[in-house]
Amino acid sequence: MARGNDNNGSGAFGGFGAEWQPSNLSRDEARRATDWVEAKIDKRALLTGKERKEDIRDAMWQLEKDGEILVHRVSDVHDPVMAKTLYGWDKKIPTNNLWHHKSCGQCGNIPGYPSSVLWLMNKTGVTYLDETDQTSCTAWNYHGSGIGNVVSLAAVFLRNFHQAYVSAKSQGLPEGTYYPLVHCGTSFGNYKEMRIFLMHSAELRAEVKKILGKLGRLVDGKLLIPEEIVHYSEWLHVMRDRIKQHQTIDVSNVRATVHPACHVYKMVPEDVIYDDTVLDGNRVAVTTGLLQTLGAQVIDYSTWYDCCGFGFRHIIGEREFTRSLPSTARSRSRLKRRGLM
Amino acid sequence: MQEKIWACAQCYTCAARCPFENSPGGLVMIMREVAIKHGMESAKEVLRPFSRVLLKVISTGNQLAPNMITKEAFPDWGPNVSRIDAPLNILRKAIPMPTMHTLDTAWEVNLKTSVELYTIWEATGVLDQLETVDENLFDVVSDVMEEKREEWEEWLEEQEDEDDED
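Residues numbered from 1 in each chain as written. Chains lettered and ligands numbered in written order. Predicted model: local features only at pLDDT ≥ 70, side-chain atom pairs only at ≥ 80, totals over all residues.

### A closer look at the overall build of chain B
Then, in step 1: Broken down by element type, chain B carries 8 helices and 0 strands.
Then, in step 2: Moving toward the C terminus, one meets the helices and strands of chain B in the order α-α-α-α-α-α-α-α.
Then, in step 3: The C-alpha atoms of chain B give 20 Å as radius of gyration, which overshoots the globular expectation for 166 residues (15 Å, by more than 25%).
Then, in step 4: With the C-alpha coordinates aligned to their principal axes, the bounding extent of chain B is approximately 65 × 45 × 35 Å.
Then, in step 5: With 166 residues in all, chain B has 31% of them scored as buried.
Then, in step 6: Counting only contacts in chain B whose residues sit at least 6 apart along the sequence, the fraction spanning at least 24 positions is 57%. (Helix = DSSP H or I, 4+ residues; strand = E, 2+ residues; numbered from the N terminus. Rg over C-alpha atoms; globule rule 2.2 N^0.38 Å. Buried ≥ 20, exposed ≤ 12 C-beta atoms within 10 Å, placed from the backbone. Contact = placed C-beta atoms within 7 Å.)

As structure tokens, then:
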């Protein structure tokens, strides 16, 4: 039966068109199709085999040279550790003097996430600031609803990162002492996307500059742009050996796998950490690298890049969409076969 | 077509897979903006169940908050809904991060921060877009904004008075 009929005829709103049909492939045909996908789609080469490769940081340094922006650098005070991204480029990950840019989803509903990160920072002697002068990235108000727009998202991004830059002043420390560490995967993807738009569009920079000027959030009359946009999973990745030193529980009998968040690695894929020692460099390295270092049995599965159907608005107002997403069901059955569910 | 653009989960798998580096998800986003700008019925209908999030994000700058998980909001959880019948006040106080001892927002948001956010909404046409899609929600958000701005003005005046006394 066509699944589009499952939704009282309003299939389009339910996420399915009425033309949705089962493929009815034979077992052999299905095997051939799956083999092709696993050989071609399921590898890092899917992303690296493309022609257009641009490191947006080149444009950023040029704009700074032209006197248009100022770059908040990851400097010695942040004890940076180098990591390699998708194309083998360096990414400087700050490990100390961090400004926690919190996640509304995590703080609101799964507070153990941020608490654990801060707990680990206390354990490893890292200095940080957790303050109230920050909003969320508000990307739900764009990707979820279309009510927001690129100018509002870019302004929110630079407002929050400016606050991170000036926050140390209240402690009598120089500006730039604290470097923003982004907790939320969506914020991470959204901010990186906004940085690209800002570097490419003089018109967007002019609009955002007007707004930030009004808020008193320019530095020497310029927009402040972060040298790196860093997610806490990247901090955990470069800290994994130091974290291991505090390990008290043996996890070698635990089988674990990671479903990397779409917004973390697909919105701006070129900035995501890959590591040849983690699943042969074919998967996003963060989190899996930490599990591996702690000694868990890391399990791979081929539909790692599939969407879970969370979809911003869908998980709130249209949860049947998420539940029924074929890729979610497919990933679950693969995980079940590997004894992970 | 205008209905189908709301089915996209914005996961960007399409962009990752496309060998020609197109981003259908990005194009969908542009079409959604057009739908909102023109106040299309499909946009209004699809965003109705999302209004709690819109209210939260535009009025507080937080998109989700602990007190948004209620029995009324999650009827599809069935018997599992009893799990959210928790003493939230105490549970939140138990979190070892004082900035998170909150219920209305995911973390305590500075009043000045909220006021700065309202300036961004106004300057970028976000409030106009909200009014096009949901006039009632726009009215509620406007009231909240006015209230917080007054509160901020009062705080500034108090600070000035204290400075004068010193």
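### Here we look at the overall build of chain A
Then, in step 1: Scanning chain A from N- to C-terminus turns up 16 helices and 9 strands.
Then, in step 2: Every one of the 341 residues in chain A was classed for burial, and the buried ones make up 43%.
Then, in step 3: Sequence separation of 24 or more characterises 68% of the internal contacts of chain A that already satisfy a separation of 6 or more.

### Observations regarding the interface of chain B and chain A
Then, in step 1: Across the boundary between the two partners, chain B contributes 58 residues, which contact 60 residues of chain A.
Then, in step 2: Contributions of two or more residues to the side of chain B that touches chain A are made by α1 (13-17), α2 (24-37), α3 (41-47), α4 (51-60), α6 (111-124) and α7 (126-133) of chain B.
Then, in step 3: The element best represented in the side of chain B that touches chain A is α6(B), accounting for 8 residues.

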